[in-house]
Amino acid sequence: LVELAHNRSRVPDDRLSAFLQEPDPVGRRALYYAGMMGRPALRRIAEDSAHRLHEGARWWRRHGSVITS
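Residues numbered from 1 in each chain as written. Predicted model: local features only at pLDDT ≥ 70, side-chain atom pairs only at ≥ 80, totals over all residues. Heavy atoms only, no water.

1. With respect to helix α3 (residues 26-37)
Because an α-helix completes one turn every 3.6 residues, residues spaced three or four positions apart along the sequence face the same direction. Our working definition: Runs of E in the DSSP output that reach at least two residues are strands. Runs of H or I that reach at least four are helices, and both are numbered from the N terminus. Under the convention used throughout, the expected extent of a helix is 1.5 Å for every residue step, that is, one less than its residue count. Categorising residues by exposure relies on relative accessible area from a 1.4 Å probe, with only protein chains included: less than 20% of the type maximum marks a residue as buried, more than 50% marks it as exposed, and the intermediate range marks it as partly exposed. Contacts are assigned to residue pairs that have any heavy atoms within 4.5 Å of one another.
The first and last C-alpha atoms of α3 sit 16 Å apart over 12 residues, in line with the 16 Å expected at 1.5 Å per residue. Among all positions of α3, only Gly27, Ala30, Leu31, Tyr33, Ala34, Gly35, Met36 and Met37 are buried. In the core, the buried residues of α3 are packed alongside α1 (2-6), α2 (13-21), α4 (41-47) and α5 (54-63). Once α3 ends, the next one or two residues include Gly38, with phi positive near 65°.

Structure (structure tokens):
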């Protein structure tokens, strides 16, 4: 997932959602991917205070993505 973020590879939304539900380290790597790519899944997680990746998603939303189209 880290490599996919750095080379701008697209992970389908349903796959990304599944990865974000996985325990760490996969879940954290999926969050990194979503953050780097500015994927919409970040908003859903950032707004869900009960989600275990909530704080990380909020950080990405505050600081913005790194990869732009």
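So, next bit.
2. Some words on the pattern of salt bridges
Selection rule: Should a side-chain nitrogen of Lys or Arg be within 4 Å of a carboxyl oxygen of Asp or Glu, the pair is scored as a salt bridge.
According to the stated counting rule, one finds 6 salt bridges in the structure shown. Between Arg10 and Asp13 there is a salt bridge, with its nearest N and O atoms 3.9 Å apart. Note on Arg10: relative accessible area 59%, which makes it exposed. Judged by relative accessible area, which is 47%, Asp13 ranks as partly exposed. Beyond isolated ion pairs, a larger network of salt bridges with shared partners links Arg10, Asp13 and Arg39.

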